[in-house]
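Listed below, chain by chain, are the residues.
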Amino acid sequence: MTPKEAVDLAKKNNARILDMKFMDLLGTWQHFSVPMSELEEHLFEEGLGFDGSSVRGWQAINASDMLVIPDPATAVMDPFMEIPTISMLCNIVDPITKEKYTRDPRNIAQKAEAYLLSTGIGDTAYFGPEAEFFIFDDVRYDLASNHSFYEVDSVEGSWNTGRDEGPNLGHKPRHKEGYFPVSPSDTFQDMRSEMMLLMEQVGMSMECHHHEVATGGQNEIAMRFSSLVKCADNLQWYKYIVKNVAKRHGKTATFMPKPLYGDNGTGMHVHQSVWKGGKPLFAGNGYAGFSETGLHYIGGILKHSRAICAFTGPTTNSYKRLVPGFEAPVNLAYSSRNRSAACRIPMYSPSPKAKRVEVRYPDPSCNGYLAFAVMLMAGLDGIENKIDPGEPLDKDIYALGPEELADIPTLPHSLDEALNALEEDHDFLLKGDVFTQDVIDQWIEYKREKEIAPLRLRPHPLEFHMYYDA
């Protein structure tokens, strides 16, 4: 869509407000809105100024003036606004140098696509995330110097089978038995359908939706793969629509990786492949129908996975899900079909176009622009340096004994470990100036100071259970 076409779309839909959405470093959409009188074609070159000093992970207050430049190709009518509002995703530009801002995640993803093209390896990287989420009826949490607590509730929660609901009608999925019974156990069919249709309305291609494994309202809506930046754009619309449809129904949705103890956490398996000239580069005559290029891509992913986790498992809560022997794979191996390996080669179709690798350890709390860019850069490093992924592991890794597991490397056990790994292993991200050292340093500093340190300082309720009578 050209600037003129974006302006025409707004006029056609009688839009009265232009909403400009952009991304903070951590992965949350920010926005501000202007009247339609501002929407002229020169806006797409000149942009609008704003103060970036309060955006998480961005510039200090002494250099906080920024320009926001809307991308006309992303123009859609916002499906939730009562007043007709056209929405555009934006890039951030320095007002003095006119260069794209290095800490803008969308810019980083765009540079990753440009780097792929510059290598001559391929011209398009496709990504397809499977983002899960929970829908709860109620969420409460608080913390102070003398107390802390959280409580979530769901009409589907197996813990509510004995609650007086006047009357309680049962049909609540048991732990790990939510995949995927029909209604009345699945109470979210119509809500997920509403979400999926709105996603199509904003231009996303969708595949299916279903209830997920956990009790208490775990769900998934599958989106079709797309090129890296477009897929990251879509992931943000996905989260926005899920949360706002849930709110419309008086419920609350979360992409927190592990909101429930004792049941499956929320993951985001990410399918990816590289193409050139309309041809898939991962199809071949090797293991599982993979090419040498595809296996080297996997080799790069496995080599850098501990550092990758700093972006694909970016919260302290992420590592409540990445626990050996539970639902998420933590062993750095690859396989066909085997879902206990960190990297899986799906075998649903013999078509060369379907050949891809599924990286299974990311979760949807991540910033999609950064997570996809990091995985692409790791895979390209594998191709460029012909990194051997080793032998595939087709056994059920969860069933292996300690001796068999001894030689298989694992993911970090905490965000702290992941950040240490990123600190030691990030040269592959600096190629092509895709990630700058400033971005890496800011990410590590923010996570350590704003997330890890506060958690370390607070007593945990379980500690009272274990130690109060010490």
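About the thresholds
- Residues numbered from 1 in each chain as written.
- Predicted model: local features only at pLDDT ≥ 70, side-chain atom pairs only at ≥ 80, totals over all residues.
- Heavy atoms only, no water.
- 1 Å grid on protein atoms, 1.4 Å probe; cavity = no way out; pocket = protein on both sides within 12 Å on 5 of 7 lines; lining within 4 Å.
- Points joined across faces, edges and corners; volume = space filled by probe spheres on them.
- Helix = DSSP H or I, 4+ residues; strand = E, 2+ residues; numbered from the N terminus.
- Nonpolar A, V, L, I, M, F, W, Y, C, P; charged D, E, K, R; others polar.
- Salt bridge = Lys/Arg side-chain N within 4 Å of Asp/Glu carboxyl O.
- Buried < 20%, exposed > 50% of the residue type's maximum accessible area, 1.4 Å probe, protein only.
- Polar contact = N/O pair within 3.5 Å; in protein donor to acceptor, adjacent residues only side chain to side chain.
- Contact = heavy atoms within 4.5 Å.
- Phe/Tyr/Trp six-rings, centres within 6.5 Å; stacked < 30°, edge-to-face > 60°.
- Lys NZ or Arg CZ within 6 Å of the ring centre and 35° of its normal.
- Pairing = 2+ DSSP bridges.
- Core = buried A, V, L, I, M, F, W, Y, C linked by side-chain atoms within 4.5 Å.

## Observations regarding the layout of surface pockets
Reasoning step 1: Looking at the second largest pocket, its volume works out to about 860 Å³.
Reasoning step 2: Lining the second largest pocket are 38 residues, and of these E130, E220, H269, H271 and E358 lie nearest its centre.
Reasoning step 3: Among the elements that make up the lining of the second largest pocket, the one with the highest residue count is strand β7 (residues 124–136) (six residues).
Reasoning step 4: Of the residues assigned to the lining of the second largest pocket, the class counts are 14 nonpolar, ten polar and 14 charged.

## Here's the deal with the pattern of salt bridges
Reasoning step 1: All chains considered together, the criterion is met by 25 salt bridges.
Reasoning step 2: Across the salt bridge formed by R103 and D438, the nearest N and O atoms sit 2.8 Å from each other. Pair noted here: R103 is in the loop between β6 (85–93) and α3 (105–119) and D438 is in helix α11 (residues 437–457), with a separation of 335 residues, a long-range link.
Reasoning step 3: Residue R103 is classed as buried on the basis of its relative accessible area of 9%.
Reasoning step 4: For the salt bridge of E451 with K447, the shortest nitrogen-to-oxygen distance reads 3.0 Å.

## Digging into the side chain of H269
Reasoning step 1: In this fold, H269 is placed in strand β14 (residues 268–276).
Reasoning step 2: Here the side chain of H269 touches R360 through a polar contact of 3.4 Å, side chain to side chain.
Reasoning step 3: Excluding residues within four positions of it along the chain, H269 makes contact with G128, P129, E130, E358, V359, R360 and P362.

## Quick notes on unusual backbone geometry
Reasoning step 1: The residue after G166, namely P167, is reached through a cis peptide bond having omega 0 degrees.
Reasoning step 2: Structurally, P167 can be placed in the loop between β9 (148–153) and α4 (189–201).
Reasoning step 3: In the segment running from Y179 into F180, the intervening peptide bond is cis, with an omega of -25 degrees.
Reasoning step 4: Examined against the element boundaries, F180 turns out to sit in the loop between β9 and α4.

## Some thoughts on the packing of aromatic side chains
Each aromatic ring pair is characterised by the separation of its centres together with the angle its planes make.
Reasoning step 1: Under the criterion given, the structure shown has 24 aromatic pairs.
Reasoning step 2: Look at W58 and Y101: their rings are 5.3 Å apart centre to centre, the planes differ by 80 degrees, and that puts the pair in the edge-to-face class. Of this pair, W58 sits in the loop between β3 (48–51) and β4 (65–70) while Y101 is found in the loop between β6 and α3, placing the two residues 43 residues apart along the sequence. Here W58 and Y101 have matching classes, each one buried.
Reasoning step 3: The structure contains a cluster of three or more aromatic residues connected by ring pairs, namely F22, F32, F50, W58 and Y101.
Reasoning step 4: If you follow K21 out to its NZ or CZ, it ends over the ring of Y240, 5.2 Å from the centre.

## Some words on the pairing of β3
Reasoning step 1: Only one face of β3 is covered, namely the face carrying L48 and F50; the face carrying G49 and D51 is uncovered.
Reasoning step 2: Where β3 meets β4, four bridges bridge the pair, whose relative direction is antiparallel. Across the sheet, D51 pairs through a bridge with D65, a residue of β4.

## Considering the nonpolar core
Reasoning step 1: In terms of nonpolar packing, the biggest core is built from 122 residues, with M195 and F435 touching the most fellow members.
Reasoning step 2: In this structure, F435 is in contact with I108, F311, L370, A373, V374, L429, L430 and I440, ignoring residues within four places of it in sequence.
Reasoning step 3: In this structure, A341, L393, L400 and I408 belong to the second largest nonpolar core, which totals six residues.

## A few points about the environment of G203
Reasoning step 1: Position of G203 relative to the elements: it lies in the loop between α4 and β10 (206–211).
Reasoning step 2: Along the primary structure G203 and S414 are separated by 211 residues, whereas in three dimensions their C-alpha atoms are 37 Å apart.

All quantities given are derived from atomic positions and should not be read as evidence of function.
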